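A closer look at the structure
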Amino acid sequence: MQSADGLVKSEGWRRRLAVGARLLGHGLLDLVYPPVCLNCDAPTATPDTLCPLCFAQLRPITAPLCPRLGLPFAVSLGGESLSAEALADPPPFGRARAAVIYNDVAGTIVSRLKYGDRPELARFCARLMAGAGHELWADQPVLVPVPLHRARQRARRYNQSGELAVLLGQFTGLAVDARLVQRIRKTRQQVGLSGDGRQRNVAGAFAVPPEAMIRLAGRRVVLVDDVYTTGATTKAVTRALLKSGAAVVDVVTFARVVIGADLPI
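Let us look at the structure shown here. The residue numbers shown here count from 1 along each chain, following its written sequence. Reporting of local features is limited, given that this is a predicted model, to residues whose pLDDT is at least 70; pairs of side-chain atoms are given and counted only at 80 or more, and all residues count toward the totals for whole chains, interfaces and linings. The basis for every side-chain value is the complete set of non-hydrogen atoms in the structure, without hydrogens or water.

What to know about the overall build of the protein chain
- Helix and strand definitions here come from DSSP, where helices need a minimum of 4 consecutive H or I residues and strands a minimum of 2 consecutive E residues; each element is numbered from the N-terminal end. Within the protein chain, the regular secondary structure consists of 10 helices and 6 strands.
- The cut-offs for exposure are 20% and 50% of the maximum accessible area for each residue type, with area from a 1.4 Å probe on protein chains only; residues under the lower value are buried, those over the upper are exposed, and the others partly exposed. For the protein chain, the residues scored as buried account for 46% of the 265 residues in total.
- Across the protein chain, contacts joining residues at least 24 apart in sequence account for 73% of those joining residues at least 6 apart. For this analysis, residues touch if any pair of their heavy atoms sits within 4.5 Å.

Take a look at the structure:
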């Protein structure tokens, strides 16, 4: 009969062997498919990252910023000063945070993640989102991806927001509930629609199923999405969650459109 010390040593050896096998597997894959930049496809030392030139083109959103919408301020306004957009049209959610400003590089990553059958790009995005949303992780909120309609998800094979939420959950240790809210009406793609058109397009498109209301009641929720443009989609999902019993809803995205900064979508 093997002793306790022997079992511990044996288990440690198995773990080291498993780690070694994984590293060997990654090494062989890198030989066959060398890692490249997520934006320009230039060779990189590690997978799932950007080359130094492309990384330098990302524009992180950091303080000072609007505490409600997460819009970057040119200078600190002090205290809890809100942006003009937050004052003119207060959102139903509590706070929104994004990792980077939407520009050429961010747009390429989002497009490849969403339409290019590249779910592995979500790891890079989620890593940056984990830092950008650090204020939102207190009190153990549940992460909820903005849902796709079933038909669209079948066509794409996956929901890019769901991929982001799962990896964000791994980085933050938070639970993910992808079934807490559903898209009950198929909508047009938001790309190319005006602000009012986007709101009309998603009005009434989301609902919390009755069996999920028990899980939702009194919970803090952080909605997860790829890009915040006008906020029409996140506002529509937020209203559905609040109506069904959520205590507070916040929002975190990889990129955010900032008027006057690079490219709109």
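Picking up where we left off.
A word on the side chain of aspartate 177
- Checked against the element boundaries, aspartate 177 lands in the loop between helix 7 (160-172) and strand 3 (182-183).
- Side chain to side chain, aspartate 177 and arginine 215 meet in a polar contact 2.7 Å long. A 3.5 Å cut-off defines polar contacts: any pair of N or O atoms within that distance qualifies, except that in protein one atom must be a possible hydrogen donor and the other a possible acceptor, and neighbouring residues in sequence count only when both atoms are side-chain atoms.

A few points about the pairing of strand 5 (residues 220-228)
- Taken across its 9 residues, strand 5 has 8 buried, putting it largely inside the fold.
- Strand pairing is defined by DSSP finding a minimum of two bridges between the two strands. Bridge analysis of strand 2 (residues 142-145) against strand 5 gives 4 bridges, and the strand direction is parallel. The partner of valine 144 across the bridge, within strand 5, is leucine 223.
- Seen with the strands pointing away from the viewer, any crossover whose path from the first strand over the helix to the second strand runs clockwise is right-handed. For the crossover from strand 5 across helix 10 (residues 232-243) to strand 6 (residues 248-256), the handedness is right-handed.

Observations concerning the packing of aromatic side chains
- The criterion for an aromatic pair is that two Phe, Tyr or Trp rings (for Trp, the six-membered ring) have centres within 6.5 Å, with stacked assigned to planes under 30 degrees apart, edge-to-face to planes over 60 apart and tilted to the rest. Summed over the entire model, instances satisfying the criterion amount to 3 aromatic pairs.
- Centroid distance phenylalanine 55 to phenylalanine 124: 6.5 Å. Interplanar angle 80°. Geometry classified as edge-to-face. Of the two residues, phenylalanine 55 sits in helix 2 (residues 52-55) while phenylalanine 124 sits in helix 5 (residues 122-132), which places them 69 residues apart along the sequence.
- Under the relative-accessibility criterion, phenylalanine 55 is labelled partly exposed at 42%.

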